[in-house]
Every structure is written in structure tokens, then in C-alpha cells.
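Each chain, written out:
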Amino acid sequence: MEETRSLGQSIACAAHLFRERADARMSKYDVTPLQAHVIIHLSRCGGQSTQRALGDHFHVRPSTVNGIVDRMVERGLVARSADNSDARRRCISLTKDGQAQMDQLWQELRETERQFVADFTPEELAQLHSLLNRVIQNLEEDRKKC
């Protein structure tokens, strides 16, 4: 008898497999997929952001962002400094080494995503994006209630 997954289980399984494939691709650069996304995001933001804005963008707790940034600083991919206007805020800046890896990391992540949605039509992709964005919005609203 075939096991039936709930929608949540299917989403979790897809996310796990996606992360597994992205981890495999990123391992040759010694970064995690999230670190690669941080590099890409910083590049798109002119090379810098506040640590808080990174947490907000990636929907992770401040302590999680701190750990991610700590490891990236150790590897020389980003630099952390106090904000000129508020010393309590931390600015995260992309280094030359981080910028140098950006194109390769972006290509690897795009290839992982291509595998993730292979054989989807453009209409199916648009519908999937729309539905998942609604799921995310629903869960964010529920998070605010708690």
C-alpha cells in the first residue's frame, strides 16, 4: 500500500531534497546554500546590508544570522563593521573574495533550481510560485499571532 503524504510532508520532502542537491553543489566552494544566497543578496544590494536586514530578508532569527555571518567572516567572504549612524547596528559588506565567487555560486544555484522544476511549463511555474507565496503569507500571518 502506497503511503500518502500530507501537503506539509510533501513540501518538507521537496525542500529537503532541494537543500541536499544545493549542498552538494555548494560543497565544492566550501559554502552552504544560505551563505551563497547571502553573497548574491549582498551583491544585489550594492555590496552591503545591515545584519538585521539580512535576518528579515531570509526569515531567520538574529542569532542564526550572527552564526552565518561569523562563518562567512572567518572565510573572508564578508566583513562586519559598526554602522556609522548607529554603533549598535552591524553592517555586513561583501569582500572581494565573496564578490569573486558570486557568479559561480549563482550559476550553481540556478542549475539546482532548473533540476527542481524540470519539465514544468511556464504556466505551471507561475502557478507554483503563486501558490507557494500564498502558503508563505499564511504561515507568516500565523507566526505573528503567536
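Residues numbered from 1 in each chain as written. Predicted model: local features only at pLDDT ≥ 70, side-chain atom pairs only at ≥ 80, totals over all residues. Heavy atoms only, no water.

The next point concerns the side chain of Q51. Within the fold, Q51 resides in helix α3 (residues 51–58). When sequence neighbours within four positions are dropped, the list of residues in contact with Q51 reads P62, V65, N66, V69, R80, R90 and I92. (Helix = DSSP H or I, 4+ residues; strand = E, 2+ residues; numbered from the N terminus. Contact = heavy atoms within 4.5 Å.)

A few words on the packing of aromatic side chains. Per the stated rule, a full pass over the model turns up 1 aromatic pair. When the centroid spacing of 4.8 Å and the interplanar angle of 70° are considered together, the rings of F18 and F116 count as edge-to-face. Here F18, found in helix α1 (residues 7–27), pairs with F116, found in helix α5 (residues 96–116); they are 98 residues apart in sequence, far enough to count as distant. When its relative accessible area of 40% is taken as the criterion, F116 is described as partly exposed. Across the ring face of W106, the terminal group of R44 is positioned such that the distance to the ring centre comes to 4.7 Å. (Phe/Tyr/Trp six-rings, centres within 6.5 Å; stacked < 30°, edge-to-face > 60°. Buried < 20%, exposed > 50% of the residue type's maximum accessible area, 1.4 Å probe, protein only. Lys NZ or Arg CZ within 6 Å of the ring centre and 35° of its normal.)

There is about 1800 Å³ of room inside the largest pocket. As for the largest pocket, its lining consists of 35 residues, of which A15, F18, F116, L132 and I136 are closest to the centre. Of all the elements in the fold, those that place two or more residues in the lining of the largest pocket are α1, α2 (33–44), α3, α5 and α6 (122–145). By residue class, the composition of the lining of the largest pocket is 22 nonpolar, 7 polar and 6 charged. Around the second largest pocket, the lining residues are T50, Q51, R52, G55, D56, H59, V60, R61, P62, V65, R89 and R90. Taken together, the elements giving at least two residues each to the lining of the second largest pocket come down to α3 and α4 (62–74). Looking at the lining of the second largest pocket, the element that brings in the most residues is α3, giving 4 residues. Grouping the constituent residues of the lining of the second largest pocket by class yields 3 nonpolar, 4 polar and 5 charged. (1 Å grid on protein atoms, 1.4 Å probe; cavity = no way out; pocket = protein on both sides within 12 Å on 5 of 7 lines; lining within 4 Å. Points joined across faces, edges and corners; volume = space filled by probe spheres on them. Nonpolar A, V, L, I, M, F, W, Y, C, P; charged D, E, K, R; others polar.)

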